[in-house]
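Structural characterization, general
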Amino acid sequence: QILLSVQLYRAVSTDNASLSQPETDDPDILIKKLGEDEQYETHIGNRRYLVVERHYALFTQKTGTLNLAPLVFQGEVINPGIRRDSLFGRPFGRFGSPGEIRRIQSNPISIAIEPGPALAAGEPWLPSSNLQLVETWGQESRQFTVGEPVTRTLMLFADGLTSSHLPEIKIELPKGLKQYPDQPTLRDRESRDGITGIRQVKVAI
């Protein structure tokens, strides 16, 4: 997982604005926007800025150099004398009085993508910053009765991976036990710190 944060600083009111999405030279890259835009004020020197912040998670499938194209912001600068609902106008609105069109862009970014570890050559591996396997049972007591089913739930959590990246959870039981697994449940938990992929399996034993 590669985390990309984008911050747009505006000291003037704008309208009819747009901010481009990340683009790379990897046609197979997966880019996911994390949550909604954040807006807050800050001061640099004696000047006040309204900041719009976005977060993305990028997953590339090839080694070498990943090149990110500049992000482009375009919008109309609103004259100070024109009344608006707020001091800074609408950062990404659709309508507004004609004004000066401003177009700015960020710097391009190049990221070195290293190959997988040598120990994982030819074997499945998970580039996760935190991997957990959690087990729960359908009843608190571990004293089971022959012929009565009990539900076992296994949940795999992987920070920095989507649920589609997670492998099947293989379950082996001692002889004399039968298991009937449900279809696995896959979901992603997103925050500004990235994605946590979750794979859940329920098994009747």
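First, a word on scope: everything that follows refers to the structure included in this document. (Residues numbered from 1 in each chain as written. Predicted model: local features only at pLDDT ≥ 70, side-chain atom pairs only at ≥ 80, totals over all residues. Heavy atoms only, no water.)

Considering the overall build of the chain
- Looking only at helices and strands, one finds 0 helices and 14 strands in the chain.
- The globule rule puts the C-alpha radius of gyration for 205 residues at 17 Å, and the 25 Å found for the chain is more than 25% above it.
- Based on the C-alpha atoms only, the size of the chain along its principal axes is roughly 80 × 40 × 30 Å.
- Each of the 205 residues in the chain was classed as buried or not, and the buried ones make up 31%.
- Pairs at least 24 apart in sequence give 74% of the contacts found in the chain among residues at least 6 apart.
- Of the accessible surface of the chain, which amounts to about 13,800 Å², a share of 49% is contributed by carbon and sulfur atoms. (Helix = DSSP H or I, 4+ residues; strand = E, 2+ residues; numbered from the N terminus. Rg over C-alpha atoms; globule rule 2.2 N^0.38 Å. Buried < 20%, exposed > 50% of the residue type's maximum accessible area, 1.4 Å probe, protein only. Contact = heavy atoms within 4.5 Å. Areas by Shrake-Rupley, 256 points an atom, 1.4 Å probe, with all protein chains shown as cover.)

Section: the environment of Arg102
- As for its position among the elements, Arg102 is in strand E8 (residues 100-105).
- Separated by 28 residues in the primary sequence, Arg102 and Gln74 place their C-alpha atoms 5.6 Å from one another.
- Excluding its chain neighbours within four sequence positions, the residues that come into contact with Arg102 are Phe73, Gln74, Gly75 and Val77.

What to know about the pattern of salt bridges
- A complete count under the given rule lists 8 salt bridges for this structure.
- A salt bridge links Lys32 to Glu190; the nearest nitrogen and oxygen atoms lie 3.4 Å apart. With Lys32 in strand E3 (residues 30-33) and Glu190 in strand E13 (residues 185-191), this pair connects stretches of sequence that are 158 residues apart.
- Bridged by salt links that share partners, the residues Lys32, Asp188 and Glu190 form one connected network. (Salt bridge = Lys/Arg side-chain N within 4 Å of Asp/Glu carboxyl O.)

Some remarks on the nonpolar core
- Counting 14 residues, the largest nonpolar core has Leu4, Val6, Tyr56, Leu58, Leu66, Leu68 and Phe73 as the members making the most contacts within it.
- Contributions of two or more residues to this core are made by strand E1 (2-10), strand E2 (14-19), strand E5 (47-59) and strand E6 (64-68).
- If we skip the residues at most four places from it in the chain, Leu58 touches Gln1, Ile2, Leu4, Thr24, Ile29, Leu30, Ile31 and Leu68.
- Counting residues in each nonpolar core, the second largest holds 11 residues, with Val150, Leu166, Ile171 and Val203 among its members. (Core = buried A, V, L, I, M, F, W, Y, C linked by side-chain atoms within 4.5 Å.)

Some details on unusual backbone geometry
- The phi dihedral of Asn16 falls on the positive side, at around 50°, and the residue is not glycine.
- By secondary structure assignment, the location of Asn16 is in strand E2.

A look at the sheet that holds E8
- The strand order across the open sheet formed by 3 strands is E2-E7-E8, and the pairing between neighbours is antiparallel. Single-partner strands in this sheet number two, and they are E2 and E8. Neighbour-to-neighbour, the strand axes of the sheet open up by a mean angle of 15°, direction not taken into account.
- In terms of strand pairing, E2 meets strand E7 (residues 72-77) through 4 bridges, oriented antiparallel. Each bridged residue has a counterpart across the sheet, and for Asp15 the counterpart in E7 is Glu76. (Pairing = 2+ DSSP bridges. Axes fitted to C-alpha atoms, helices over the stretch in contact; angles between N-to-C directions.)

Quick notes on the packing of aromatic side chains
- Inspection of the entire model under this criterion finds 2 aromatic pairs.
- For the pair Tyr9 and Tyr49, a centre-to-centre distance of 6.2 Å together with 80° between the ring planes defines the contact as edge-to-face. Of this pair, Tyr9 sits in strand E1 while Tyr49 is found in strand E5, placing the two residues 40 residues apart along the sequence.
- Looking at Tyr9, the relative accessible area reads 38%, which means it is partly exposed. (Phe/Tyr/Trp six-rings, centres within 6.5 Å; stacked < 30°, edge-to-face > 60°.)

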